[in-house]
Amino acid sequence: MPLTHEEFAGLTHLGSGKVRELFAVGDDAVLLVASDRISAFDVVLPTEIPDKGAVLTGLSLWWFDQLSDLVPSHVISSSVDEYPAELAPYKEQLRGRSMLCRRLDMVMIECVARGYLTGSGLKDYRRTGAVSGHPLPPGLEDGSKLPTTIYTPSTKAPIGEHDENISRDDAAGRVGKELAAELEHLTLQIFGRASDLAAERGILLADTKFEFGHDADGVLRLADEVLTPDSSRFWPADAWTPGGAQPSYDKQFIRNYLVDTGWDRNPPAPELPADIVESTRARYVEAYERLTGISFQDYLSTA
Ligand SMILES: Nc1ncnc(-c2cnn(Cc3cccc(F)c3)c2)c1Cl
């Protein structure tokens, strides 16, 4: 498997996500780079979606700004012309798809908020009638709206593995009661605002995952990517039908195509035809423009 960050060979690589790269910049900053890679059914596909990395970076930046009255973010800059000189050779490869961020002492808890029942939460519910210790009413189905948003922290699993849901008490045991309570409060507050805003624009935010960290002054900051279709489940509101898997706002064309090919779900996944690539790119651009009210071309021209 070729390294997915060869194009940034001179930079200090800290880590890779399925579709993202993390580099160190000096001692006090990191660079998050979002690729155009896309995964489906937990497999990274061989075909890229042009502009996906820029759309997801633009979305994170917009949400950080929208949420800045609730919590400070880790972002220093996203304008490549302001980046440190060592990044200059990579300027065009970074434009629009990268964020220079404060290097934080990351809290080792994935802060997950769920407004709808699906995924691992649905599995928990079917097994126990509850999700991460939150009792729920009987009769809920895949895609049901939850009576109230629930906070379901999890541990950060190594890449390629699924995070493990933990109880709120377990989270408190790991990071301390006070910080655990602050993470829960912030997660629910941010999710509430984001899901209301998205719903007004026809997108249901079913669930999302936040990461936080402390900066050198001990300030807790919202980190990583936020409220993107990769860190969250985005569903088109007009297609919402509890009782089965909901269509993904951004990945449904790809899922349907891959199912139609009869692919056995083992890597490598089939290449995507041009029409699926273009319709998926269009969905990403549409999600960006609907949520932010900013034209994607305008975002690119100011990156
Ligand atoms: N501001 C920060 N300071 C220190 N560490 C991180 C940090 C650690 N892990 N991750 C998630 C991740 C892993 C791989 C590639 C990615 F692009 C992102 C982000 C951050 Cl965001």
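Residues numbered from 1 in each chain as written. Predicted model: local features only at pLDDT ≥ 70, side-chain atom pairs only at ≥ 80, totals over all residues. Heavy atoms only, no water.

Asker: When you look at the overall build of the chain in this model, what are you seeing that I'm missing?
Answerer: Looking only at helices and strands, one finds eight helices and 15 strands in the chain. What you see for the chain is a C-alpha radius of gyration of 19 Å, in line with the 19 Å of a compact globule of 303 residues. The principal-axis extents of the C-alpha atoms in the chain amount to approximately 60 × 50 × 40 Å. Expressed as a percentage of contacts within the chain between residues at least 6 apart in sequence, the contacts between residues at least 24 apart total 63%. Total accessible area on the chain is roughly 14000 Å²; 50% of this is exposed by carbon and sulfur atoms. Averaged over its 29 positive side-chain charges, the chain has a centre that lies 4 Å from the centre of its 47 negative ones. (Helix = DSSP H or I, 4+ residues; strand = E, 2+ residues; numbered from the N terminus. Rg over C-alpha atoms; globule rule 2.2 N^0.38 Å. Contact = heavy atoms within 4.5 Å. Areas by Shrake-Rupley, 256 points an atom, 1.4 Å probe, with all protein chains shown as cover. Lys, Arg positive; Asp, Glu negative; His and termini not counted. Charge placed at Lys NZ, Arg CZ, Asp CG, Glu CD.)

Asker: Is there a simple way to explain the domain arrangement of the chain in this structure?
Answerer: Frequently, the measure chosen for interface size is the accessible area removed from exposure when the parts meet. Partitioning the chain into domains gives domain 1 (1–103) and domain 2 (105–236). Measuring from the centre of the C-alpha atoms in domain 1 to the corresponding centre in domain 2 gives 22 Å. The junction of domain 1 with domain 2 conceals about 2100 Å² of combined surface from both sides, 62% of it contributed by carbon and sulfur atoms. Run the count over domain 1 and domain 2 and you get five salt bridges. In this structure, lysine 52 engages aspartate 230 in a salt bridge whose closest nitrogen and oxygen atoms are separated by 2.7 Å. (Domains from an automatic or database assignment. Buried area = accessible area lost by both parts, 1.4 Å probe. Salt bridge = Lys/Arg side-chain N within 4 Å of Asp/Glu carboxyl O.)

Asker: How should I be thinking about the sheet that holds strand β3 (residues 29–34) in this particular structure?
Answerer: Read from one edge to the other, the open sheet built from five strands follows the order β1-β2-β3-β7-β6, with strand pairing classed as antiparallel. The sheet is open, and its two borders are formed by β1 (12–16) and β6 (75–77), each paired with just one other strand. Across the sheet, the axes of successive neighbouring strands diverge by a mean angle of 35°, strand direction being ignored. Taken together, the four bridges between β1 and strand β2 (residues 20–25) define a ladder with antiparallel strand orientation. When the bridges of β2 are listed, threonine 12 appears paired with alanine 24. The strands touched by helix α1 (residues 52–66) are β3, β6 and β7 (98–102); relative to β7, the strand with the most contacts, the crossing angle is about 40°. (Pairing = 2+ DSSP bridges. Axes fitted to C-alpha atoms, helices over the stretch in contact; angles between N-to-C directions.)

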